[in-house]
Amino acid sequence: MKILIKLIRNALGVIIATLDLVTRGSKLKRTPEQQQEVNKEVEQLALYQFFACPFCIKTRRAIYKLNLPIEKRSASEGSPHRQELLAGGGRVKVPCLRIEKDGKVEWMYESSDIIRYLEQRFA
Ligand SMILES: N[C@@H](CCC(=O)N[C@@H](CS)C(=O)NCC(=O)O)C(=O)O
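Residues numbered from 1 in each chain as written. Predicted model: local features only at pLDDT ≥ 70, side-chain atom pairs only at ≥ 80, totals over all residues. Heavy atoms only, no water.

(A) Representation of the packing of helix α1 (residues 2–22) against helix α3 (residues 54–65) within the structure. Running from N to C, α1 and α3 point in directions that differ by 15°, and their axes come no closer than 10 Å. Of the possible angle classes, the one that applies to α1 and α3 is roughly parallel. As α1 packs across α3, the resulting crossing turns out to be right-handed. For the pair α1 and α3, contact is made by Gly13, Ile16, Ala17 and Asp20 and by Ile57, Arg60 and Arg61, respectively. (Axes fitted to C-alpha atoms, helices over the stretch in contact; angles between N-to-C directions. Helix = DSSP H or I, 4+ residues; strand = E, 2+ residues; numbered from the N terminus. Parallel < 35°, antiparallel > 145°, perpendicular 65-115°, else oblique. Left-handed = near helix turned anticlockwise from the far one by under 90°. Contact = heavy atoms within 4.5 Å.)

Structure, rendered in structure tokens:
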């Protein structure tokens with residue numbers, strides 16, 4: 001039964017991810033200099049995620065729209081990033097944004113908080 005629920009959730013996730021891909025629209029446009037600056041800043045960020053999680057899809061969509069090349073790290077079972085997330089953030093819950101600033105690391109959970117943070121910083 002558990003396997004069936006997992007399968008259905010994953011199938012739904014793949015459908016949502018596909019719909020997201022075809023309905024994404026356009027990215028935020030910046031001058032080449034501004035984009036270069038942003039690209040440098042996002043090197044300090046990483047998104048821990050599952051491919052088919054609806055909250056991750058929502059977050060990836062916002063990241064795409066904001067034109068942010070943030071590294072995505074899979075937290076699926078078997079991935080080494082899963083352990084990093086657990087050790088650093090305290091739990092395996094996605095999405096989670098790892099923010100490195102002035103030598104300090106913050107782990108931000110909750111898709112709405114992550115999107116708000118990115119919009120405030122980069123929109
Ligand atoms: N309110 C959270 C929900 C996130 C959530 O439920 N993520 C699921 C995957 S779709 C998860 O990581 N569940 C594991 C857990 O909560 O321990 C958000 O918006 O980010």
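(B) Molecular detail of the site of the ligand. Around the ligand, the structure places Arg9, Cys53, Phe55, Arg91, Val92, Lys93, Val94, Pro95, Glu110 and Ser111. In this structure, an oxygen atom belonging to the ligand sits 3.3 Å away from a side-chain N or O atom of Arg91. Within the contact set of the ligand, an oxygen atom lies 2.6 Å away from a side-chain nitrogen or oxygen of Ser111. When the ligand sits alone it has 510 Å² of accessible area, and the protein chains cover 72% of it. Residues that form the shell around the ligand fall into these classes: five nonpolar, one polar and four charged. (Near = heavy atom within 4 Å. Polar contact = N/O pair within 3.5 Å; in protein donor to acceptor, adjacent residues only side chain to side chain. Areas by Shrake-Rupley, 256 points an atom, 1.4 Å probe, with all protein chains shown as cover. Nonpolar A, V, L, I, M, F, W, Y, C, P; charged D, E, K, R; others polar.)

(C) Seen up close, the nonpolar core. Grouped together as the largest cluster of nonpolar side chains are 15 residues, with contacts concentrated most on Leu45, Leu68, Ile70, Leu97 and Leu118. Mapped by element, the contributors of at least two residues to this core are β1 (45–49), β3 (96–101) and α5 (111–122). If one sorts the elements of this core by residue count, α5 sits on top with four residues. Not counting the four nearest positions on each side in its chain, Leu118 is found in contact with Leu45, Ile63, Leu66, Leu68, Ile70, Leu97 and Ala123. Counting ten residues, the second largest nonpolar core, distinct from the first, contains Ala46, Ala75, Leu85 and Tyr109. (Core = buried A, V, L, I, M, F, W, Y, C linked by side-chain atoms within 4.5 Å. Buried < 20%, exposed > 50% of the residue type's maximum accessible area, 1.4 Å probe, protein only.)

(D) Structural detail: the side chain of Arg24. By the secondary structure assignment, Arg24 is in the loop between α1 and α2 (32–41). For Arg24, a relative accessible area of 17% gives the class buried.

(E) How the structure looks around the side chain of Ser79. Looking at where Ser79 falls in the secondary structure, it is placed in the loop between β2 (71–74) and α4 (80–89). You can call Ser79 buried: its relative accessible area is 16%.

(F) Spatial organisation of the layout of surface pockets. Roughly 560 Å³ of internal volume is contained in the largest pocket. What lines the largest pocket is a set of 18 residues, and nearest its centre among them are Lys6, Arg9, Asn10, Phe50 and Cys53. Sorting the residues of the lining of the largest pocket by element identifies α1 and α3 as the ones contributing at least two each. Per element, the largest residue contribution to the lining of the largest pocket is seven residues, and it comes from α1. Across the lining of the largest pocket, the residue classes break down as eleven nonpolar, three polar and four charged. (1 Å grid on protein atoms, 1.4 Å probe; cavity = no way out; pocket = protein on both sides within 12 Å on 5 of 7 lines; lining within 4 Å. Points joined across faces, edges and corners; volume = space filled by probe spheres on them.)

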